[in-house]
Amino acid sequence: QVQLVESGGGLVQPGGSLRLSCAASGSISSTYTMGWYRQGPGNQRELVASIPSRGPTNYADSVKGRFTISRDNAKNTLYLQMNSLKPEDTAVYYCRAFKPGYYYWGQGTQVTVSS
């Protein structure tokens, strides 16, 4: 069982930056693929970025070159560095932990990009 808590969301101007964090209650170092999803108003929840325990990261085309996903296994924490933010990035951002047969979600953190 894994519990996830997101933090770091807020209001930012277009072109600004935010760093989201996801703290996991259990170890994620060698078991889980971690990811960030988002859901904007009227939209489906979509994958933003994912990072496995071992292997390449994956990004949605809409955020490539602007967002960076990383993990600190010693701290059981997942991060999403978001740069050059656009109004279209406005959404609730959710942390996800995955292993075969198991999915765990955080409660989400609101990111609003507006002037």
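These figures come from a predicted structure and were not determined experimentally.

1. So, the side chain of Ser21
On the secondary structure map, Ser21 appears in strand E3 (residues 18-24). Among the residues examined, Ser21 registers a relative accessible area of 16% and is labelled buried. Once residues lying within four places of it in the same chain are set aside, the contact partners of Ser21 are Val5, Glu6, Ser7, Trp36, Thr77, Leu78 and Tyr79.

2. Notes on the pattern of salt bridges
Tallying each qualifying case throughout the model produces four salt bridges. Between Glu46 and Arg38 there is a salt bridge; the shortest N-O distance is 2.9 Å. Arg38 sits in the buried class, given a relative accessible area of 7%. Taking the shortest distance from any N to any O, the salt bridge between Arg38 and Asp89 comes out at 2.9 Å. With Arg38 in strand E4 (residues 33-39) and Asp89 in the loop between strand E8 (77-82) and strand E9 (91-99), the pair connects residues that are 51 residues apart, well separated along the chain. Given the relative accessible area of 2%, Asp89 is considered buried.

3. Things to note about the sheet that holds strand E1 (residues 4-7)
One open sheet accounts for four strands, arranged E1-E3-E8-E7; its pairing is antiparallel. Each edge of the open sheet carries a strand with a single partner, namely E1 and strand E7 (67-72). Averaged over all neighbouring strand pairs, the angle between strand axes comes to 15 degrees, with direction disregarded. Bridge count between E7 and E8: six bridges; the pairing is antiparallel. Counterpart to Arg71 in the pairing with E8 is Leu78.

4. A word on the pairing of strand E11 (residues 109-113)
Consecutive side chains of a regular strand alternate in pointing toward one face of the sheet and then the other. Residues Thr109, Val111 and Val113 point to one face of E11 and are all buried, whereas Gln110 and Thr112, pointing to the other face, are not buried. Where strand E2 (residues 10-12) meets E11, three bridges bridge the pair, whose relative direction is parallel. Bridging across to E11, Val12 finds its partner in Val113. Where E9 meets E11, three bridges bridge the pair, whose relative direction is antiparallel. Paired with Tyr93 across the strands is Thr109, a residue of E11.

What counts as what
Residues numbered from 1 in each chain as written. Predicted model: local features only at pLDDT ≥ 70, side-chain atom pairs only at ≥ 80, totals over all residues. Heavy atoms only, no water. Helix = DSSP H or I, 4+ residues; strand = E, 2+ residues; numbered from the N terminus. Buried < 20%, exposed > 50% of the residue type's maximum accessible area, 1.4 Å probe, protein only. Contact = heavy atoms within 4.5 Å. Salt bridge = Lys/Arg side-chain N within 4 Å of Asp/Glu carboxyl O. Pairing = 2+ DSSP bridges. Axes fitted to C-alpha atoms, helices over the stretch in contact; angles between N-to-C directions.

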